[in-house]
Amino acid sequence: MKIYFASSRLSLKDPESWVAGIAQAGFDGWEISMDGWFHSVADIPRKFPGIRKVLRDTGLESSVHLPFSGLNPASLNADVWNATVSQLSACIESASEIADTITLHPGYLEPNGREATSAAWNTHKEALARLGEVAERTGVCVALENMPNLEDFYCRDPYELEGFADAVSGISLTFDVGHANTNGNLDAFCRVILPRAAHLHIHDNHGKYDEHLPLGKGSIDWKKIMPKIQAEYHGKIMVVEGRNPAEGRISLDLIREWF
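Residues numbered from 1 in each chain as written. Predicted model: local features only at pLDDT ≥ 70, side-chain atom pairs only at ≥ 80, totals over all residues. Heavy atoms only, no water.

> Could you clarify how one ought to interpret the overall build of the chain in this entry?
On a plain count of helices and strands, the chain comes out with 10 helices and eight strands. A compact globule built from 259 residues should have a C-alpha radius of gyration of about 18 Å, and the chain, at 17 Å, falls within 12% of that. Taking the principal axes of the C-alpha coordinates as reference, the chain spans close to 45 × 40 × 30 Å. Taking all 259 residues of the chain together, the buried fraction comes to 55%. A separation threshold of at least 6 residues defines the contact pool for the chain, and within that pool the share at least 24 residues apart is 77%. Put simply, the chain shows about 10800 Å² of open surface, and 49% of that area lies on carbon and sulfur atoms. If the 24 positive side-chain charges of the chain are averaged to one point and the 35 negative ones to another, these points end up 4 Å apart. (Helix = DSSP H or I, 4+ residues; strand = E, 2+ residues; numbered from the N terminus. Rg over C-alpha atoms; globule rule 2.2 N^0.38 Å. Buried < 20%, exposed > 50% of the residue type's maximum accessible area, 1.4 Å probe, protein only. Contact = heavy atoms within 4.5 Å. Areas by Shrake-Rupley, 256 points an atom, 1.4 Å probe, with all protein chains shown as cover. Lys, Arg positive; Asp, Glu negative; His and termini not counted. Charge placed at Lys NZ, Arg CZ, Asp CG, Glu CD.)

> What is the right way to read helix α6 (residues 158-165) from this model?
Quick reminder: α-helices carry 3.6 residues per turn. Residues three or four places apart thus point the same way. Residues of α6 that are buried include every one of Pro158, Leu161, Gly163, Phe164 and Ala165, and no others. Two or three places before Tyr159, at the start of α6, stands the capping residue Asp157, its side-chain oxygen 2.8 Å from that residue's backbone nitrogen. Note on α6: the residue one or two positions beyond its end, Ala167, has a positive phi of about 65 degrees. (Polar contact = N/O pair within 3.5 Å; in protein donor to acceptor, adjacent residues only side chain to side chain.)

> I tried to follow the pairing of strand β5 (residues 141-145) on my own but got confused; where do I start?
Taken across its five residues, β5 has five buried, putting it largely inside the fold. Sheet analysis places β5 next to strand β6 (residues 171-176), joined by four bridges and oriented parallel. Within β6, the residue paired with Leu144 across the bridge is Leu173. Traced from β5 through α6 to β6, the parallel crossover comes out right-handed. (Pairing = 2+ DSSP bridges. Right-handed = clockwise from strand over helix to strand, strands pointing away.)

> Help me understand the UniProt feature "domain: Xylose isomerase-like TIM barrel" (unreviewed entry) in the chain in this model?
UniProt records the feature "domain: Xylose isomerase-like TIM barrel" (unreviewed entry) at residues 22-250, using the numbering of this structure. With 45% helix and 15% strand, the stretch residues 22-250 has end C-alpha atoms that lie 12 Å from each other. (UniProt positions renumbered as here; feature names shortened; annotations may be inferred.)

> What's the story with the packing of helix α5 (residues 117-138) against α6 in this structure? I'm lost.
Helix packing for two helices is described by the angle between their axes and how far apart those axes are. At a minimum axis separation of 9 Å, α5 and α6 run at an interaxial angle of 55 degrees. The orientation of α5 with respect to α6, classified from their angle, is oblique. Side by side, α5 and α6 meet where Trp121, His124, Lys125 and Leu128 of the first sit next to Glu160, Gly163, Phe164 and Ala165 of the second. Classifying every residue of the contact of α5 with α6 gives four nonpolar, two polar and two charged. (Axes fitted to C-alpha atoms, helices over the stretch in contact; angles between N-to-C directions. Parallel < 35°, antiparallel > 145°, perpendicular 65-115°, else oblique. Nonpolar A, V, L, I, M, F, W, Y, C, P; charged D, E, K, R; others polar.)

> Could you clarify how one ought to interpret the pairing of strand β8 (residues 237-241) in this entry?
In regular strands, side chains alternate between the two faces of the sheet. Within β8, five of the five residues are buried, which leaves it mostly tucked inside the rest of the structure. Residues Ile237, Val239 and Glu241 line one face of β8 and the alternating positions Met238 and Val240 line the opposite face, and both faces are buried. Both strand β1 (residues 2-6) and β8 contribute to a ladder of five bridges, which runs parallel. Pairing of Ile3 across the sheet is with Met238, part of β8.

> Explain the environment of Glu126 here, please?
If you trace the backbone, Glu126 turns up in helix α5. Judged by its relative accessible area of 35%, Glu126 is partly exposed.

> Can you walk me through the packing of aromatic side chains in this structure?
How two aromatic rings sit relative to each other is set out by the distance from centre to centre and by the angle between their planes. All chains considered together, the criterion is met by seven aromatic pairs. Put simply, the rings of Trp121, Tyr154 and Phe164 touch in pairs and so form one group of aromatic residues. (Phe/Tyr/Trp six-rings, centres within 6.5 Å; stacked < 30°, edge-to-face > 60°.)

> Could you clarify how one ought to interpret the state of the cysteines in this entry?
Every disulfide links exactly two cysteines, by a covalent bond between their sulfur atoms. With the rule as written, the count across this model stands at zero disulfides. With no disulfide of its own, Cys91 lies 17 Å from the sulfur of Cys141, the closest cysteine sulfur. Given the relative accessible area of 3%, Cys91 is considered buried. As a non-bridged cysteine, Cys155 has Cys141 as the owner of its nearest cysteine sulfur, 15 Å distant. (Disulfide = S-S within 2.5 Å.)

> Which parts of the structure should I look at to understand the nonpolar core?
Within soluble globular proteins, side chains that are nonpolar generally end up buried alongside one another. Within the largest apolar cluster, 75 residues are counted, with the highest numbers of intra-cluster contacts made by Trp30, Phe175, Ile202, Trp222 and Ile229. Apart from the residues within four sequence positions on either side, Phe175 is in contact with Asn146, Ala180, Leu186, Phe189, Cys190, Ile193, Leu194, Ala197, His199, Leu200 and His201. (Core = buried A, V, L, I, M, F, W, Y, C linked by side-chain atoms within 4.5 Å.)

> When you look at the sheet that holds β5 in this model, what are you seeing that I'm missing?
The strands that make up a sheet pair up through hydrogen bonds in the backbone, lying either parallel or antiparallel. One closed barrel accounts for eight strands, arranged β1-β2-β3-β4-β5-β6-β7-β8; its pairing is parallel. In this sheet, neighbouring strand axes are inclined to one another by 30 degrees on average, regardless of whether the strands run parallel or antiparallel. The strands touched by α5 are β4 (101-104), β5 and β6; relative to β6, the strand with the most contacts, the crossing angle is about 105 degrees.

Here it is as structure tokens:
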């Protein structure tokens, strides 16, 4: 099992200023957030050389988290939907040059989507189908992630996450342990999603907010969860999501007790 680190809090910073700390903390890899530092598709050719340099200099392996701010694959606004699918497709293509595992956030219900839930569901499913085609063409795993307790977002329920990925070629699942804990259904996610998950995000919280705390600093019972991960998770990467590499090291030390 390879253990990577990711930090959405640091995603706006130049990676040359902080990513070396991931390697120094003992992690195997870095999950690169394309949200924040990459503000548009035009940033990719300008900024990817710096990403490659950081990976070379640190020796870290990499996975990628696709952007999500301002994007909605469930939008019923055709212009927003088309821009979302286009940007995410371009990001998958670029990310495939440096990673084979890519995480995707689901969409959410906009005001008109709340009045037309079937149309929003179908629109979201069609976006996933388009992105799955790009994933298959580029030879990468694109994995749809469960969301924290945020109103109107899809995939806070394990069966909904499963339903969006079912029969969509090229789309796998990312299981985020901390997100499930904020929804009070961590056991159900472990039962339904963990055995199917291609990718795993791990962090702690107190069951209400997505705090991204080090493992052991929140309410999750890791003595209960870790044996389940050992037995039922078949992916090759576990990503610690944290606020900084120093806090990430706390999580890494706990994980190494099991892996």
